[in-house]
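# Topology and contacts: notes
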Amino acid sequence: MASAAAPSPKANMGAPAPRYDARLKVTGEARYPADVAVANPAFAVLVTSSIAKGRIERLDLDQARAVPGVLDILTYENTGELKPAKFGQGSSTSIQDLGPDIFQDGQIIAVVLADTFEAATEAAQSVKATYAAQAPSATFGSQGLNSEDAAKVSQQHEHLPEAGDAETAIGGADVTIDGHYGTPTQHHNPIELFATTCEWTADRLTVYEPSQFVYGLRNGVAQRLGIAPEKVRVASHYVGGAFGSKGTMTPRTAMIALAAKRLNRPVKLVATRDQGFTIATYRAETRHHIRLGARRDGKLVGYAHEGWEISSRSDPYVVAGVEDSAQLYAFGAVKTKVNVVHADRNTPGYMRSPPVVPYIFALESAMDEMAEKLGMDPIEFRRVNDTMTSPIENKPYSSRSLMACYDRAAEAFGWKRRNRLPGSMRDGEWLVGYGCATAVYPTHIGPAAARVRLMPNGDVRVQIAAHEIGNGVYTVLGQMAAERLGVGLSSVKVEVGDTRLPPAPVAGGSNTTASSCSAVLKTCDAIRAKLFHASVTANDGPLAGRNVEELTLTDGKVAASDGTGENLADVFKRLGMSTIEEYSEFVPDGLEPDAVADLYAGKLTMTGGPHGKKVMYAMGAELVEVHVHSQTCEIRVPRIVGAFAAGRLMNTRTVHSQYMGGMIWGISSALHEATEIDTRYARYVNDNLADYMVPVNADVKDVQVILVPEVDHDVNPAGVKGLGELANVGTAAAVANAVYHATGKRIHQLPIRIEKLL
Amino acid sequence: MRPFIYERAPSRNAAMQAVTAAVDTKASYLAGGTTLLDLMKLDVMRPQHVIDINALERTVHGRIELDRNGLRLGALVRMADAADHPDIQQQYPVIAQSLQLAASQQLRNMASLGGNVLQRTRCTYFRDVSYAACNKRNPGSGCAALDGFNRMHAVLGTSDHCIATYAGDFGHALIALDASIDLVGPDGTRTIPFAELHRLPSDTPDQETTLRPGELIVSFTVPAAPWTRRSLYLKVRDRQSYEFALASAAIALDQQDGTVRDVRIALGGISTVPWRAVEAETVLRGKAIDEDSVAAAADAAFVGAKGHGHNDFKVELGKRTLSRALQQAAALEI
Ligand SMILES: Cc1cc2nc3c(=O)[nH]c(=O)nc-3n(C[C@H](O)[C@H](O)[C@H](O)COP(=O)(O)OP(=O)(O)OC[C@H]3O[C@@H](n4cnc5c(N)ncnc54)[C@H](O)[C@@H]3O)c2cc1C
Ligand code: SF4
């Protein structure tokens, strides 16, 4: 039955099958990595530095060692055997040592191991560190930062988008916008904390850790321990939220593995919430300078965007979202530049829609300002600049339904009622504003391998080391196999999240459905081919001599178009087999043939977005109503409507959920979320869930999701575009634009808080 | 978390005895635990002896009584029970609202009124022991918030030693309504005005209350008065629920023919202790509630207010919150 959460499928959309793991999760049956029972574990508690820069002068462990039950304490003095792993190749950071040099706030300086969690906690609180501290550089505006051109330090971003002569185009434009924008530090704060359990059996290590890339973690840990990757198994069957924070190996994993080896006993770590702010990654704060030029009729002629991104002192982490923003409209000439700004901080990392969230906030704010300056409706302004050809190298879009999204959203929202004048709409004591912005996300795809087994009774098992991070991958892969093998979804058992299974890419860049479904599809088709071949080549069978092309596999039967069919069990008998199992590797167009071999070694290459012959993006339109109190300036969002198109949708329920959650996160980015930094010490201040603001139910009122049908045969065999990171893009700009419409105040720096409107 | 002795007190006397016996070993009463246990886990509070008083809930400590003379609230009444009480909602709306708008339903179900007024500040430097400088946690160590990140901090009642906000809501309703507080201690019982419970930080921010060692809060008494029905609590915050105030106002208004006969005002989110705005009350008495009078009252309330950077906006926001609350109170249909 259709409901808001499970919309009826339209063209090119799959059924809203309930999530396989939904019941398991709400009943507590789903076992997250920290829930896995190991025999007689020791408990680890981390001690982290309270300075961001300097050196440990003395570590006094006497009091900690004296706590009854304490077994061992790892420090820089006894962990020298851990080998470094290179940043950017699986490791989240180069800051991997427990000291004595300190490069960031909250660097791990000791791991206390004890018989109980309580003893380990008490002992960790009793470790006394004395430092020789130096003045750190915290963030933009601090002394001592060093800035580098991203194109020079990041291979990935060597060639940033460029088209024509933007300076001349903007200089000669009828109307121009010149604005500065900023986004704050954000932390992922998944509900599931950063946990690791390590267990050795002889020389083999098992790591239970929530991971978005089990093969990457396996190979990374092996490297740090100096052992063969084959000796390591990583198991991560459920992940309790990740948003990118569990995509790369953090330093803790190797430490816990080493601890378990020293103790000859399994070791379990569940880091605390505040430690999560410093022992993993975060979305770095960014700054932007945008210039736009347009003709009087609204046609854009030039776009210049320079970005600045904070990173750690050691690593050039950079997202360079201009690669995507430059593709968005018919800009005419384009000029882009990105700077990595090094500070004394932990290394940032992927966080849901890493490149586009900050860069599209800036661009879509500027677009609204331009529309206003032109006296145009902001949706009509985007229509004038809509295009099926990217301004960069004039590549065609594989498909693009942006304006269809705007039209559907505008109708549902009642955009017509908008009075263009800022401050003109009111509801009692509240100022009312309507705003809009574009959501966009590059369609990525990577290599993947899958093993699928079909039994004569129609039971299917799918094995692939994809990752269930709340994305519904168990269900969606099951749906793909059920469809291709003609069985019911309940007959399919899906196994993911384990290096015992064939590899899949990181659950990042929203590639999972595209890559893994394509691999599963290919493998199922190999099984189909085997069955069809057996049916048509058997002399005595009902389908003997038929053309394979006319056969289908449905309801446990190989069937021809005229209705003639043969039961699966009979085909199996003819083949003389009790089971058919196929393994296949899927390598998308544009990648090297050995991409899967690399994946086994933990190395991932992906393609898509702007990189292929056609540019591939999922898009959407978000329309927001905000209310701002006329006296005290509280900002509320009573209503948000988003319409999105992303190729084939495998399951309208999981898609709806991703979009709804995305928009809620977008509201959070607009109004709530920011990690505050004490700039004197380069330390995070609000490192807990009471002070790190996210919206609660009362802040989220009416969220409407519209699924716009779209067909795209170019993106990948499965025809799907990644969409998990689509709907949280643009939302913050839509809210900021609505706040402007309500109050006449442009807020260029997120989050938008009361004090900015007083 | 450090090891500690946990003891359940079956009666008031047992509680008192346990505390007296443990006076040298840093004893602490435990009610709902939503302040105490949090701060123990954070290593901020380190009692060696924890005496659970929840068994007293069955006695006068757990009762709500309302009569012609006023309202009596036992210290072990849960926030949710007082917030949901229909008579309190009707006759003392400011009390019910200050509780209803605090914390979350789960916390309100656990947390007691006694514990609520004794909740500690949310100053992040106080709550994070890795910061050395905090005069409240560690007397004489300095104050990390003065030049640090102090957006949530106070602008009234501050000192050079501490600018931490008193984070509670209920306390402001109590101080507005001239409540008193009944105490029992090793040396017997006494009753003091609620306004005398909390101390300004001055140069001893670690000493937060005037409670004597081992003293237990029994109940709060709110006298009946003509202004309690026309009362409200307005809370302005970064999100719509489950968040402390950036600024709040507790208003109780007695007006006749559009003129203020009497008014009680307290301000939250901006002060170091529950804050009665007596000057604002004086400005308003005998006047009509209109734009000019509320603006004058707001200015009077914030004379001497001082921001420390990130929280500078709280002066203006506090004034606007007070103005809005006064106008809302005047417009109430009762
Ligand atoms: C996430 C979060 C959000 C919150 N939001 C708000 C909010 O918006 N507004 C708000 O007002 N509060 C808020 N609070 C605070 C909460 O209301 C208090 O923690 C709670 O009221 C304390 O009551 P308790 O019974 O749990 O106290 P406990 O934690 O049990 O005790 C607190 C202190 O009081 C002492 N004590 C308790 N009872 C007595 C007594 N009868 N006599 C003497 N001493 C006693 C204890 O020894 C202890 O020192 C929030 C708390 C949390 C954790
Ligand atoms: S404001 Fe008070 S509680 Fe906060 S750091 Fe300063 S002294 Fe400590």
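Residues numbered from 1 in each chain as written. Chains lettered and ligands numbered in written order. Predicted model: local features only at pLDDT ≥ 70, side-chain atom pairs only at ≥ 80, totals over all residues. Heavy atoms only, no water.

### Thoughts on the overall build of chain B
Quick reminder of the rule: A run of H or I in DSSP counts as a helix once it spans at least four residues, and a run of E counts as a strand once it spans at least two, with each numbered from the N terminus. The size measure is the radius of gyration over C-alpha atoms, and the globule rule it meets is 2.2 Å times the number of residues to the 0.38 power.
The helix and strand tally for chain B stands at 12 helices and 12 strands. Its C-alpha atoms give chain B a radius of gyration of 20 Å, within 12% of the compact-globule value 20 Å for 334 residues. Principal-axis analysis of the C-alpha atoms gives chain B an extent of 60 × 50 × 35 Å.

### So, the packing of helix 10 (residues 356–374) of chain A against helix 18 (residues 731–743) of chain A
Residues and elements named next belong to chain A. To be explicit about the condition: Angles run from 0 to 180 degrees between N-to-C directions of axes, and those axes are lines fitted to C-alpha atoms, restricted for helices to the stretch in contact. Less than a right angle of anticlockwise turn of the near helix away from the far helix marks a crossing as left-handed, whereas a clockwise turn marks it as right-handed. Whether two residues are in contact is decided by their heavy atoms: any pair within 4.5 Å suffices. Amino acids are sorted into nonpolar (Ala, Val, Leu, Ile, Met, Phe, Trp, Tyr, Cys and Pro), charged (Asp, Glu, Lys and Arg) and polar (every other residue, Gly among them).
Where helix 10 meets helix 18, the axes come as close as 8 Å, and the angle between the chain directions of the two elements is 35°. As for the relative orientation of helix 10 and helix 18, their crossing is right-handed in sense. On helix 18, the residues that touch Ile360, Phe361, Glu364, Ser365, Asp368 and Glu372 of helix 10 are Ala732, Ala733, Ala736, Asn737 and Tyr740. Across the contact of helix 10 with helix 18, the residue classes break down as six nonpolar, two polar and three charged.

### A short note on the site of ligand 1
Residue and element names in this part refer to chain B. We apply this condition: To be near a molecule or strand, a residue needs just one of its heavy atoms within 4 Å of it. Between N or O atoms, a polar contact is any pair within 3.5 Å; within protein, one atom must be a potential hydrogen donor and the other a potential acceptor, and residues adjacent in sequence are included only when both atoms are from side chains. All accessibility values rest on the Shrake-Rupley procedure with a 1.4 Å probe; residue burial counts only the protein chains present in the view. Boundary definitions for the domains trace back to an automatic or database domain assignment.
Near ligand 1 you find 33 residues, and of these Tyr29, Gly33, Thr34, Thr35 and Ser112 are the closest. Taking Gly33, its main chain carries an N or O atom lying 2.7 Å from an oxygen atom of ligand 1. In the complex, the protein chains occlude 95% of the 980 Å² of accessible area that ligand 1 would expose alone. When contributions to the shell around ligand 1 are tallied by element, the ones reaching two or more residues are strand 2 (27–30), helix 2 (36–41), helix 7 (113–117) and strand 8 (216–223). The biggest single contributor to the shell around ligand 1 is strand 2, with three residues. Its residues assigned to classes, the shell around ligand 1 shows 17 nonpolar, 10 polar and six charged. When residues of the shell around ligand 1 are assigned to domains, at least three map to each of domain 1 (5–55) and domain 2 (231–331).

### So, the nonpolar core
Looking at soluble globular proteins, one finds that nonpolar side chains tend to be buried together. Our working definition: Residues belong to a common nonpolar core when they are buried Ala, Val, Leu, Ile, Met, Phe, Trp, Tyr or Cys residues joined through side-chain atoms within 4.5 Å. We call a residue buried when its accessible area falls under 20% of the maximum for its residue type, exposed when it is over 50%, and partly exposed in between, using a 1.4 Å probe and counting protein chains only.
In terms of nonpolar packing, the biggest core is built from 129 residues, with Leu292, Tyr659 and Ile752 of chain A together with Ile251, Ile265, Leu267 and Leu326 of chain B touching the most fellow members. Looking at this core, the element that brings in the most residues is helix 10 of chain A, giving 11 residues. Not counting chain neighbours up to four residues away, the residues in contact with Ile251 of chain B comprise Val94, Arg230, Ser231, Leu232, Arg264, Ile265, Leu322, Ala325, Leu326 and Ala329 of chain B. With 48 residues, the next largest nonpolar core counts Leu477, Met480, Val492 and Ala519 of chain A among its residues.

### Quick look at the environment of Leu177 of chain B
Residue and element names in this part refer to chain B. Following the sequence through the fold, Leu177 ends up in the loop between helix 9 (170–176) and strand 6 (180–185). The class of Leu177 is buried, set by a relative accessible area of 2%. Sequence separation between Leu177 and Thr228 is 51 residues; the distance between their C-alpha atoms is 7.4 Å. Discounting residues that sit within four places of it in the chain, Leu177 has contacts with Tyr92, Val94, Ile95, Val222, Pro223, Trp227, Thr228 and Ala252.

### Quick word on the domain arrangement of chain A
Residues and elements named next belong to chain A. Basically, it comes down to this: Here the quantity called buried area is the accessible surface, traced with a 1.4 Å probe, that two parts lose on coming together, added over both.
Per the domain assignment, the segments of chain A are domain 1 (1–30 + 355–443 + 609–758), domain 2 (33–136 + 188–279) and domain 3 (446–607). Tallying the contact residues gives 18 residues for domain 2 and 23 residues for domain 3. For the pair domain 2 and domain 3, the summed buried surface comes to about 1600 Å²; carbon and sulfur atoms form 53% of the total. On the domain 2 side of the interface with domain 3, the three residues burying the most area are Gln212, Phe213 and Tyr215, jointly 42% of the side's total.

### Regarding the packing of helix 13 (residues 473–485) of chain A against helix 14 (residues 512–537) of chain A
Helix packing geometry: the angle between the two helix axes and the distance between the axes. All names here are of chain A. Heads up, the condition is: Here the angle decides the label: under 35 degrees means roughly parallel, over 145 means roughly antiparallel, 65 to 115 means roughly perpendicular, and every other value means oblique.
Packing of helix 13 against helix 14 leaves a shortest axis separation of 9 Å and a crossing angle of 30°. Of the possible angle classes, the one that applies to helix 13 and helix 14 is roughly parallel. As for how helix 13 packs across helix 14, the hand of that crossing is right-handed. Listed contacts from helix 14 to Val473, Val476, Leu477, Met480, Ala481, Arg484 and Leu485 of helix 13 are Thr512, Thr513, Ser516, Cys517, Val520, Leu521, Cys524, Asp525, Ile527 and Arg528. Of the residues in the contact of helix 13 with helix 14, the class split is 11 nonpolar, three polar and three charged.

### Regarding the interface of chain A and chain B
What counts here: Each salt bridge in this description consists of a side-chain nitrogen of Lys or Arg and a carboxyl oxygen of Asp or Glu lying within 4 Å of one another.
Counting from both sides, the interface comprises 35 residues of chain A and, opposite them, 34 residues of chain B. Between chain A and chain B, roughly 3000 Å² of surface is buried when both sides are summed, and carbon and sulfur atoms account for 49% of that area. On the chain A side of the contact with chain B, Gln125, Gln631 and Leu758 of chain A bury the most area, a combined 17% of that side's loss. The salt bridge involving Arg151 of chain B is made with Glu755 of chain A; its shortest N-O contact spans 2.5 Å. Our enumeration of links across chain A and chain B arrives at 12 residue pairs in polar contact (both at pLDDT 80 or more). Elements with a minimum of two residues in the side of chain A that touches chain B: helix 3 (117–126), strand 31 (683–684) and helix 19 (754–757) of chain A.

### Re helix 13 of chain A
Residue and element names in this part refer to chain A. In plain terms, the rule: By this rule, a helix spans an expected 1.5 Å times one less than how many residues it contains.
For helix 13, built from 13 residues, the straight-helix expectation of 18 Å at 1.5 Å per residue is met to within 8% by its first-to-last C-alpha distance of 18 Å. In terms of burial, helix 13 is a largely internal element, 11 of the 13 residues being buried. Within helix 13 the residues assigned to the buried category are Val473, Tyr474, Thr475, Val476, Leu477, Gly478, Gln479, Met480, Ala481, Ala482 and Leu485. Lining the buried residues of helix 13 we find strand 20 (448–454), strand 21 (460–463), strand 22 (492–495), helix 14, strand 23 (552–554) and helix 17 (652–671). Phi turns positive, to about 65°, at Gly486, one or two residues after helix 13.

### A look at the site of ligand 2
By nearness alone, 14 residues border ligand 2, and Cys123, Cys134, Cys143, Cys162 and Ile163 of chain B come closest of all. In terms of residue class, the shell around ligand 2 is made up of 10 nonpolar, three polar and one charged.

### Section: the pairing of strand 5 (residues 108–114) of chain A
Sheet faces and side chains relate simply in a regular strand, where the side chains alternate between the two faces. Residue and element names in this part refer to chain A. Selection rule: Any two strands are treated as partners once DSSP identifies two or more bridges connecting them.
Taking burial as the measure, the seven residues of strand 5 include seven buried ones, the bulk of the element. Pairing geometry for strand 1 (residues 42–48) and strand 5, over six bridges, is antiparallel. Within strand 5, the residue paired with Phe43 across the bridge is Ala114.

### Side note on a nonpolar patch on the surface
Residue and element names in this part refer to chain B. This is how the line gets drawn: Like-charged residues within 9 Å of one another, or nonpolar side chains (Val, Leu, Ile, Met, Phe, Trp, Tyr) within 5 Å, are grouped into patches, provided each residue has over 30% relative accessible area and no salt bridge.
A contiguous nonpolar patch, built from Met1, Phe4 and Tyr6 and spanning about 240 Å² of accessible area, is present on the exposed surface. Position of Phe4 relative to the elements: it lies in the segment before strand 1 (5–8). With relative accessibility at 31%, the residue Phe4 sits in the partly exposed group.

### Some remarks on unusual backbone geometry
All names here are of chain A. Across the junction of Gly99 and Pro100, the peptide omega takes the value -5°, indicating a cis bond. Tracing the backbone shows Pro100 in the loop between strand 3 (70–74) and strand 4 (101–102). Between Leu750 and the following residue, Pro751, the backbone shows a cis peptide bond with an omega angle of -10°. With respect to the helices and strands, Pro751 occurs in the loop between helix 18 and helix 19. The phi dihedral of Ala320 is positive, around 45°, even though this residue is not glycine. Assessed through its relative accessible area of 1%, Ala320 is described here as buried.

### Side note on the sheet that holds strand 13 (residues 267–270) of chain A
For sheets, the rule is that strands pair by backbone hydrogen bonds, running either parallel or antiparallel. Residues and elements named next belong to chain A. An order of 3-5-1-13-10-11-12 is seen for the seven strands of this open sheet, with the pairing classed as mixed. Of all strands in the sheet, those with a lone pairing partner are strand 3 and strand 12 (232–235), marking the two edges. For this sheet, the mean inter-axis angle between neighbouring strands, taken without regard to orientation, is 20°. Sheet strands touched by helix 3: strand 1, strand 3 and strand 5. Its angle to strand 1, the strand with the most contacts, is close to 20°. Most of the contacts of helix 7 (residues 252–263) go to strand 10 (residues 195–201), to which it runs at about 40°, and overall it touches strand 1, strand 3, strand 5, strand 10, strand 11 (204–208) and strand 13.

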